[in-house]
Amino acid sequence: MKENIIRKEKIEMVYFEIAAAFVSIVVVWVWWSSRNSLVTDWPVVGMVPALLYNASQIHDFATCLLQQNNGTFLVKAPWFSSMAFLLTSDPMNVHHTFSKNFSNYPKGSDFNDIFNYLGDGIFTVDSDSWKIQRNMIHSLLKDKRFELAVHTSLHQKISKCLFSVLDNACKLGIELDLKDMFQRFTFDHICILLFGMDPDTLSMESPTAPQKAFDDIAQVFFYRHIVPGVIWKLQRWLQIGQEKKMTKASHTFDIFVENCIQKNQQKEKNNNEFDALTYFLQLEDQKDNLSSKFIRDMAVNLMVAGRDTTSAALFWTFWLISTNPSSQNNILEEMEQHFGTHNDDNKLNFLDMEKMGKLVYLHGVICEALRFYPSVPFERKVSIESDILPSGHHISKNTRIVYSLYAMGRMKEIWGEDCLEFKPERWISESGGIKHQPSYKFTAFNAGPRTCLGKNLAFLQIKSIVCAILWNYSLHFTKDQNVCPSSSILLHPKNGFKVTFFKRHPS
């Protein structure tokens, strides 16, 4: 009996040693086969460990991965999961899927699932619903009343609110966080344009719960990209972890949006007032579509576009200006050339829209900032039918494609050997005008039929604020600040950026 037990234990030990040897061989083989790669394709779990390990620097990690693999790389998923995707920064792939074969690459049901809080807004839907909303927004942006409302609200928000905040900071000698200040400004401004009301969060005294709520929502959106769907969906069902945060933040932001819509519909409006919500509700040919949910979803999507993308672009523009003093001097020289020498009589000259359109160098600075730091750092689509990309990669039906717009701005194959240099001059033509690049190369405003309708509005907002600040204030930033992009669906800085302001021409 005892001998049988010993024999059994020896057999089990042999089996264990064989299994351990086999596992060791597999691990060594996997490691050896991928020793020159940034990621390892492990059995069972695929490449998820590398994604999780590099989640805090995911955009730079994706850039290195694409640089190592000629601009396109297949990210393999855990067994029995649907997380696999093709990662690309190839502009020809972008041109093919965003324009030439646009109908084969919609957002897809997974996109809607991840971004479910955005509802059926323009960012998540395809087909007829997308076309209806795009036409509505396009007609709004072409309306002369909206153009006047943009100019008027920008003038008032800058001259009455932004200057007040900056003058007070100058007087007290305190630092301001550019990230926070620009998020407050753009939040207020989009509320004015959408609802005809100013929450006045820029005053630094008003509550910012709605802004904090949407920041939390954006974080959960990113979290859903890097963990298997079964995990975050289980968290949502159990109301734990990130999904509990999502529920709380969604409730807070929904209350804010609903209150804005109600106040807008209840207030008396005169002929001089104009806002997007009132405009949409008065569209005769869309009355059948304008349910309360439709209005809510459109409002939320436009708030995302008007607040987060513009505030991120503003921050990175100022950060690059602050860290490249020669560019700031060039902007000031260009402004003096068109606005004249600064004095009390022309302290608001920067709001001359016609003159602002002549600031070619400033336009190049903004484009260069967006090349390095696109507000939306990645896009994703899914194939309806099989296809072959210009890069030669075969695309099966229902294949996810993720486009790293962040990496595209750092590829030598796209921008040349000096791609990592901050050079606003690359956007200026030989004749001295603005040098335009195709949207599939400069993807900060998307490409193809989904190109951002608010591109001109974004440039106007950014130029107005840059001119307002640089024309009237000098900036001194605290050195050794760790400024780097956050791992998020929107490319805000991780830690903000502290700046001290001084009046450029004290009275």
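This is a predicted model, so every value here is computed, not measured. (Residues numbered from 1 in each chain as written. Predicted model: local features only at pLDDT ≥ 70, side-chain atom pairs only at ≥ 80, totals over all residues. Heavy atoms only, no water.)

Observations concerning the overall build of the chain
Each helix and strand counted, the chain has 19 helices and 9 strands in total. Expressed as a percentage of its 507 residues, the buried residues of the chain come to 51%. Sequence separation of at least 24 residues holds for 73% of the intrachain contacts in the chain that already meet a minimum separation of 6. Surface accessibility of the chain: about 24,800 Å² in total, with carbon and sulfur atoms responsible for 55%. (Helix = DSSP H or I, 4+ residues; strand = E, 2+ residues; numbered from the N terminus. Buried < 20%, exposed > 50% of the residue type's maximum accessible area, 1.4 Å probe, protein only. Contact = heavy atoms within 4.5 Å. Areas by Shrake-Rupley, 256 points an atom, 1.4 Å probe, with all protein chains shown as cover.)

Observations concerning the pairing of strand E7 (residues 400-404)
For E7, the buried fraction is high: 5 of the 5 residues fall into the buried class. Here E7 shows two buried faces, one formed by Arg400, Val402 and Ser404 and the other by Ile401 and Tyr403. In this structure, strand E2 (residues 85-88) lies alongside E7, joined through 3 bridges in parallel fashion. Following the sheet pairing, threonine 88 is matched in E7 by tyrosine 403. Sheet topology places strand E4 (residues 378-382) next to E7; 5 bridges connect them, and they run antiparallel. When the sheet's bridge partners are listed, glutamate 379 is paired in E7 with tyrosine 403. (Pairing = 2+ DSSP bridges.)

Considerations on the sheet that holds E2
Ordered in space as E1-E2-E7-E4, the 4 strands form an open sheet in which the pairing is mixed. On the outer flanks of this sheet lie strand E1 (72-75) and E4, each paired with one strand and no other. This sheet shows a mean twist of 20° between the axes of neighbouring strands, independent of strand direction. As paired strands, E1 and E2 are joined by 4 bridges and run antiparallel to one another. Along E2, the bridge assignment pairs phenylalanine 73 with leucine 87. The sheet contacts of helix H4 (residues 91-100) involve E1, E2, E4 and E7, and relative to E7 the element is tilted by about 125°. (Axes fitted to C-alpha atoms, helices over the stretch in contact; angles between N-to-C directions.)

As for the pairing of strand E9 (residues 498-503)
When strand E3 (residues 175-177) meets E9, the two strands line up antiparallel, connected through 3 bridges. Directly across from leucine 176, in E9, lies its bridge partner valine 499. Sheet analysis places strand E8 (residues 473-477) next to E9, joined by 5 bridges and oriented antiparallel. Bridge pairing in E9 places phenylalanine 477 opposite valine 499.

Observations concerning the packing of aromatic side chains
For the structure on display, the rule yields 27 aromatic pairs. Plain terms: the ring middles of phenylalanine 442 and phenylalanine 445 are 6.4 Å apart, the flat faces sit at 70° to each other, and that makes the pair edge-to-face. For phenylalanine 442, a relative accessible area of 8% puts it in the buried group. Lying across the ring of tryptophan 415, lysine 441 places its NZ or CZ 4.5 Å from the centre. (Phe/Tyr/Trp six-rings, centres within 6.5 Å; stacked < 30°, edge-to-face > 60°. Lys NZ or Arg CZ within 6 Å of the ring centre and 35° of its normal.)

Considerations on the packing of helix H8 (residues 178-195) against helix H13 (residues 292-322)
One way to put it is that H8 packs onto H13 with a least axis distance of 8 Å and a crossing angle of 145°. In terms of crossing hand, the pair formed by H8 and H13 is right-handed. Between H8, through Leu178, Lys179, Phe182, Gln183, Thr186, Phe187, Ile190, Cys191, Leu194 and Phe195, and H13, the contact on the second element is made entirely by Ala299, Leu302, Met303, Gly306, Arg307, Asp308, Thr310, Ser311, Leu314, Phe315 and Phe318. In terms of residue class, the contact of H8 with H13 is made up of 13 nonpolar, 5 polar and 3 charged. (Left-handed = near helix turned anticlockwise from the far one by under 90°. Nonpolar A, V, L, I, M, F, W, Y, C, P; charged D, E, K, R; others polar.)

What to know about the nonpolar core
Ranked by internal contacts, the top residues of the largest apolar core, which has 150 residues, are Met181, Phe253, Phe280, Phe318, Ile469 and Phe501. In terms of residues, this core owes the most to one element, H13, which gives 16 residues. (Core = buried A, V, L, I, M, F, W, Y, C linked by side-chain atoms within 4.5 Å.)

Some remarks on unusual backbone geometry
Residue asparagine 70 is not a glycine yet carries a positive backbone phi of 55°. Summarising the element assignment, asparagine 70 is placed in the loop between helix H3 (58-68) and E1. Look at asparagine 70 and you get exposed, because its relative accessible area is 72%. One non-glycine residue, serine 127, adopts positive backbone phi at about 60°.

With respect to a nonpolar patch on the surface
Where nonpolar side chains cluster on the molecular surface, the patch consists of Leu234, Trp237, Leu238 and Ile240 and spans about 450 Å² of accessible area. Tracing the sequence through the fold places tryptophan 237 in helix H10 (residues 229-238). Of the residues examined, tryptophan 237 reaches a relative accessible area of 69% and is grouped as exposed. (Patch = residues over 30% accessible without salt bridge, like charges linked within 9 Å, V, L, I, M, F, W, Y side chains within 5 Å. Salt bridge = Lys/Arg side-chain N within 4 Å of Asp/Glu carboxyl O.)

Points about the environment of histidine 138
Position of histidine 138 among the secondary structure elements: in helix H6 (residues 127-142). On a C-alpha basis, the gap between histidine 138 and leucine 453 in space is 6.7 Å, while along the polypeptide they are 315 residues apart.

Looking at H13
Look at H13: 44 Å from first C-alpha to last across 31 residues, which is about the 45 Å you get at 1.5 Å a residue. Counting buried residues in H13 gives 27 out of 31 residues, a clear majority hidden from the surface. (Expected span 1.5 Å × (residues − 1).)

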